[in-house]
Amino acid sequence: MVRTRFAPSPTGYLHIGGARTALFSWAYARKHGGKFILRIEDTDLERSTQQSIQAILDGMAWLGLDYDEGPFYQMQRLTRYHEVVEQLLQNNQAYYCYASKEELEAMREQQLAAGLKPRYDGRWRDSSRTPPTGVKPVIRLRNPLEGHVTFNDQIKGRITVANNELDDLVLLRSDGVPTYNFSVVIDDLDMNITHVIRGDDHINNTPRQINILKALQASLPEYAHVPMILGANGERLSKRHGAVSVIQYRDDGYLPEALLNYLARLGWSHGDEEIFSREQLVEWFDLTAINRSPAKFNPEKLHWINQQYLKTTDNARLTELTVPFLTKNNCQIDGGPNLALVVDLLKERVNTIEELADAAVYFYRPLDPASELKEQHFTAETRPIMINLLEKFNQIEWNREIIHQELKSTAKAHDVKLPKIAMPLRVMVTGEIHTPSIDAVLALLGREETLARMNNHMGDFPD
């Protein structure tokens, strides 16, 4: 059975790169009827926080990346790591190293000064020296000195690294906490992970991890190293270019299915398909379709995809999602127009739910037009037209068609084109110049509120 995992470190939020890795691992497991496991790699005691763990769990839940097992926590598995280290020590595949931080730093400086690659020189590997007193040792792997490590990466192809390029890595720190390279191997082994799908920033770790597995005479999983996501400028993705928390995208008004769709297209494709469901992704997903080169994050493309999903999303759901944004914007929804109807009117004009709420504000509280808009549209020429409209709006049946006919007849009566009426009316009622058709806006806003807003601004017209 295919078994994949997502194993974030809880030293920050779940970001775009991590979410895409989780998505690919999830999709591969679902495609093959396998299991997807969530593991929290919390051995970085200084930086790991409960807040970060919760942010990861919240992000996964919002995206709908359900896991079959977990979450597992490495700090709850210390006994198991110590058991394996003891086994390696007994088999002479690991050893105690008493080198101090100062010694290691001096060694590193000497190697750099000589133009050498910094690496542990194995000084305690076969040493017969008496261990210094009062020094807590680390435990290092006895890495092979000869030969090569070769593996077939599912994305990048065949990769070979000489063992003499690898030093004796630390398995267990002096405080008894395992290093990343050791704990991840034991976790993947114990959890029967068949496919390790992760970012290619881990590719240098893979030969070291394979040597640990070989020392344990364990079978190797398949590896797939996904190229990183770059900013639109071609540089490493930064907060300014989209490397923010997944939850931030929720708070900015994106739909989770739209973000998943976009993440899937960052470095993976199925023909020319741009918009597809989770079910289609699972059906089509294949590691061989992942590009070998880095993907570029494009906020405009994400906007477009989110807009496509907004257009087809049920109004009741969008209404529920819009309420918090309107409330935050000091809008009183009760007593105003039916929000579902407002959402239906506006949703094809916006990219996010936040934009949808911003576009709906004038339905739930008056907005005062900018002074330049008043100066431009509230003229002595249009004042009598607005007075005429006020009289007519008091008498007509209030629906969109009749409002539209009244605007046309008023324009004809005053021998002006329709925009000459519609624009000052729009500014009076909404405070803005870009809205849906003014007859649709007025029909939703209601007669009483429309007349109140018009009357409120009549004094802004010059006589």
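Here, every reference points to the structure presented above.
None of the values given here were measured: they were computed from a predicted structure.

## Quick notes on the pairing of strand β3 (residues 69–73)
1) Next: In this sheet, β3 lies alongside strand β2 (residues 35–40) in parallel orientation, the contact comprising 3 bridges. Paired with Ile-37 across the bridge in β3 is Glu-69.

## Describing helix α3 (residues 78–90)
1) Next: In this model, α3 (13 residues) spans 19 Å end to end at C-alpha, consistent with the 18 Å of a helix rising 1.5 Å per residue.
2) Next: All of the buried residues in α3 are Tyr-81, Val-84, Val-85, Leu-88 and Leu-89. Each buried residue of α3 sits inside an arc of 145° when the element is viewed along its axis, so together they form one side. Across α3 from its buried face, at more than 90 degrees, point the exposed residues Thr-79 and Gln-90.
3) Next: If you follow the buried residues of α3, they end up packed against β4 (94–97), β5 (138–141), β8 (170–172), α5 (180–190) and α6 (206–215).

## Overview of the layout of surface pockets
1) Next: If you add up the space inside the largest pocket, you get close to 1,100 Å³.
2) Next: Looking at the largest pocket, it is lined by 37 residues, and the ones nearest its centre are His-15, Gly-17, Gly-18, Asp-201 and His-202.
3) Next: Residue assignment for the lining of the largest pocket shows that the elements contributing at least two residues are β1 (3–6), α1 (16–31), α5 and β9 (195–199).
4) Next: The leading source of residues in the lining of the largest pocket is α1, at 5 residues.
5) Next: Its residues assigned to classes, the lining of the largest pocket comprises 15 nonpolar, 12 polar and 10 charged.
6) Next: Its boundaries defined by the atoms lining it, the second largest pocket holds a volume of some 270 Å³.
7) Next: Around the second largest pocket sit Cys-97, Tyr-98, Ala-99, Ser-100, Lys-101, Leu-104, Val-135, Lys-136, Pro-137, Val-138, Arg-140 and Ser-174, which together line it.
8) Next: For the lining of the second largest pocket, the secondary structure elements donating two or more residues are α4 (101–113) and β5.
9) Next: Tallied by class, residues from the lining of the second largest pocket come to 7 nonpolar, 2 polar and 3 charged.

## Points about helix α10 (residues 299–312)
1) Next: The terminal C-alpha atoms of α10, which comprises 14 residues, lie 21 Å apart, in line with the 20 Å expected from a rise of 1.5 Å per residue.
2) Next: All of the buried residues in α10 are Leu-302, Ile-305, Asn-306, Gln-307, Gln-308, Tyr-309 and Leu-310.
3) Next: On its buried face, α10 sits against α7 (246–251), α8 (256–265), α11 (315–328) and α13 (353–364).
4) Next: You can read the cap of α10 off the contacts: a side-chain oxygen lies 3.0 Å from the backbone nitrogen of Glu-300, and it is on Asn-298.

## Here's the deal with the sheet that holds β2
1) Next: What the 3 strands build is an open sheet, ordered β1-β2-β3; its pairing is parallel. Each edge of the sheet is formed by a strand with only one pairing partner; in this case those strands are β1 and β3. Taking each pair of neighbouring strands and ignoring which way they run, the sheet shows an average axis angle of 25°.
2) Next: Strands in contact with α1 are β1 and β2; relative to β1, the strand with the most contacts, it is inclined by about 165°.

## Considerations on the packing of α8 against α10
1) Next: Between α8 and α10, the shortest axis-to-axis distance is 9 Å and the interhelical angle comes to 135°. Overall, the two elements α8 and α10 adopt an arrangement that is oblique. When the axes of α8 and α10 are compared, the crossing they make is right-handed. When α8 is examined against α10, the residues Glu-257, Ala-258, Leu-259, Asn-261 and Tyr-262 are found in contact with a partner set consisting of Lys-301, Leu-302, Ile-305, Asn-306 and Tyr-309.
2) Next: A per-class count over the contact of α8 with α10 returns 6 nonpolar, 2 polar and 2 charged.

## What to know about unusual backbone geometry
1) Next: Residues Gly-70 and Pro-71 are joined by a peptide bond in cis, for which omega reads 5°.
2) Next: When you line up the elements, Pro-71 lands in strand β3.
3) Next: With a phi angle near 60°, Asn-330 is a residue other than glycine that sits in the positive phi range.

## Notes on the packing of α3 against α5
To characterise two packed helices, one gives the angle between the axes of the helices and the distance between these axes.
1) Next: Orientation of α3 relative to α5, taken along the N-to-C sense of each, is 100°, at an axis distance of 10 Å. By the angle class used here, α3 and α5 are roughly perpendicular. On the side of α3, the interface is formed by Arg-80, Tyr-81, Val-84, Val-85 and Leu-88, while α5 contributes Phe-182, Ser-183, Ile-186, Asp-187 and Asp-190.
2) Next: Its residues assigned to classes, the contact of α3 with α5 shows 6 nonpolar, 1 polar and 3 charged.

## Concerning the side chain of Arg-198
1) Next: Counting through the fold element by element, Arg-198 comes out in strand β9.
2) Next: Of the side chains with opposite charge, Asp-188 comes closest to the buried, unpaired Arg-198, at an N-O distance of 5.2 Å.
3) Next: Only 3.4 Å separates the side chain of Arg-198 from the side chain of Tyr-180, close enough to count as a polar contact.
4) Next: Among the polar contacts listed, one links the side chain of Arg-198 to the side chain of Thr-206, at a separation of 2.9 Å.
5) Next: Beyond its immediate stretch of four places on either side in the chain, Arg-198 contacts Arg-5, Thr-21, Tyr-180, Thr-206, Gln-209, Tyr-223, Ala-224, His-225 and Val-226.

## Considerations on the environment of Gly-33
1) Next: Its location among the elements puts Gly-33 in the loop between α1 and β2.
2) Next: The spatial distance from the C-alpha of Gly-33 to the C-alpha of Ile-275 is 24 Å, given a sequence separation of 242 residues.

## Digging into the sheet that holds β4
1) Next: With respect to topology, 3 strands assemble into an open sheet ordered β4-β5-β8, the strand pairing being antiparallel. Sheet topology places β4 and β8 at the edges, where each strand pairs with a single neighbour. Ignoring strand direction, the axes of neighbouring strands in this sheet form an average angle of 45°.
2) Next: The pairing of β4 with β5 spans 4 bridges and is classified as antiparallel. Across the sheet, the residue bridging to Tyr-96 is Ile-139, located in β5.

Here is what the cut-offs are and how they apply
- Residues numbered from 1 in each chain as written.
- Predicted model: local features only at pLDDT ≥ 70, side-chain atom pairs only at ≥ 80, totals over all residues.
- Heavy atoms only, no water.
- Pairing = 2+ DSSP bridges.
- Helix = DSSP H or I, 4+ residues; strand = E, 2+ residues; numbered from the N terminus.
- Expected span 1.5 Å × (residues − 1).
- Buried < 20%, exposed > 50% of the residue type's maximum accessible area, 1.4 Å probe, protein only.
- Arc of directions from axis to C-beta.
- Contact = heavy atoms within 4.5 Å.
- 1 Å grid on protein atoms, 1.4 Å probe; cavity = no way out; pocket = protein on both sides within 12 Å on 5 of 7 lines; lining within 4 Å.
- Points joined across faces, edges and corners; volume = space filled by probe spheres on them.
- Nonpolar A, V, L, I, M, F, W, Y, C, P; charged D, E, K, R; others polar.
- Polar contact = N/O pair within 3.5 Å; in protein donor to acceptor, adjacent residues only side chain to side chain.
- Axes fitted to C-alpha atoms, helices over the stretch in contact; angles between N-to-C directions.
- Parallel < 35°, antiparallel > 145°, perpendicular 65-115°, else oblique.
- Left-handed = near helix turned anticlockwise from the far one by under 90°.
- Lys, Arg positive; Asp, Glu negative; His and termini not counted.
- Salt bridge = Lys/Arg side-chain N within 4 Å of Asp/Glu carboxyl O.

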